[in-house]
Amino acid sequence: MSNLLLLLPLLSLGVIWLSGELFRAKQTHIVRSGAYPNRTNALNATHFIEILVTEPVTEVRIHIPSEISVEHVQLINRQFQTVPATVIRIDAGLLISLSLPVSPRTNLTVMLQGVRILNRSKRIWNYEIYAKHLNHESFKQIGIANLLIYSELNSHQRILS
């Protein structure tokens with residue numbers, strides 16, 4: 001009897017997991033972020049932020065640290081197709097106005113290309129990401145993308161360890 005009581009919660013979790021309910025996101029959020037190459041001495045890096053859209057998004061705002069410069073911005077979907085948008089540089093970063101709202105259940109990847117880091121001693125960079133949903137007046141923060149950038153010294157230490 002006690003084994004049955006322990007098994008019942010696991011069975012209900014299994015049913016939820018199989019139905020997909022466990023992984024259905026309710027809010028637009030950051031799925032992952034990263035950099036290539038992720039070294040401080042890279043002269044032309046690409047930082048990317050992947051966003052899962054759960055309700056139609058019309059604009060994305062990215063707060064970029066003052067020690068980082070970005071040459072070009074490209075948006076792509078999961079099929080690697082370019083998503084048309086207009087990018088405007090603002091005081092604290094970038095304002096991306098999408099030509100058409102991005103529909104729910106879409107993965108939108110923002111590619112920050114030609115990234116140059118002025119402060120090479122700092123290893124962790126935070127990008128605050130905001131989205132404006134269709135028929136909403138204001139932006140809502142959807143998360144902070146954390147990127148870990150390695151110095152060359154740290155890379156050699158990891159290889160030799």
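Note that this is a predicted model, so its numbers are computed, not measured.

Caption draft 1: A look at the pattern of salt bridges. For the structure shown, the criterion picks out two salt bridges. With its nearest N and O atoms 2.6 Å apart, the salt bridge here joins Glu-50 to Arg-32. Residue Glu-50 is located in strand β2 (residues 45–53), and its partner Arg-32 is located in strand β1 (residues 29–36); the two are separated by 18 residues in the primary sequence. The salt bridge involving Glu-59 is made with Lys-132; its shortest N-O contact spans 3.1 Å. One end of the pair, Glu-59, is in strand β3 (residues 57–63); the other, Lys-132, is in strand β9 (residues 124–133), with 73 residues separating them in the sequence. Overall, Glu-59 belongs to the buried group, its relative accessible area being 14%.

Caption draft 2: Inspection of the pairing of β3 at higher detail. Most of β3 sits inside the fold, with five of its seven residues counted as buried. As paired elements, β3 and β9 share six bridges and run antiparallel to each other. Looking at the pairing, Val-60 lines up with Ala-131 of β9.

Caption draft 3: Geometry of the packing of aromatic side chains. Applying the stated criterion across every chain yields a total of zero aromatic pairs. Looking at Arg-61, its charged tip hangs above the ring of Tyr-130, at a distance of 4.4 Å from the centre.

Caption draft 4: Fine view of the environment of Val-53. Along the chain, Val-53 falls in strand β2. Taking the C-alpha atoms as reference, Val-53 lies 7.5 Å from Gln-27; in sequence the two are 26 residues apart.

Cut-off values and rules
Residues numbered from 1 in each chain as written. Predicted model: local features only at pLDDT ≥ 70, side-chain atom pairs only at ≥ 80, totals over all residues. Heavy atoms only, no water. Salt bridge = Lys/Arg side-chain N within 4 Å of Asp/Glu carboxyl O. Helix = DSSP H or I, 4+ residues; strand = E, 2+ residues; numbered from the N terminus. Buried < 20%, exposed > 50% of the residue type's maximum accessible area, 1.4 Å probe, protein only. Pairing = 2+ DSSP bridges. Phe/Tyr/Trp six-rings, centres within 6.5 Å; stacked < 30°, edge-to-face > 60°. Lys NZ or Arg CZ within 6 Å of the ring centre and 35° of its normal.

Honestly, that's just the spatial picture; any functional story needs more than this.
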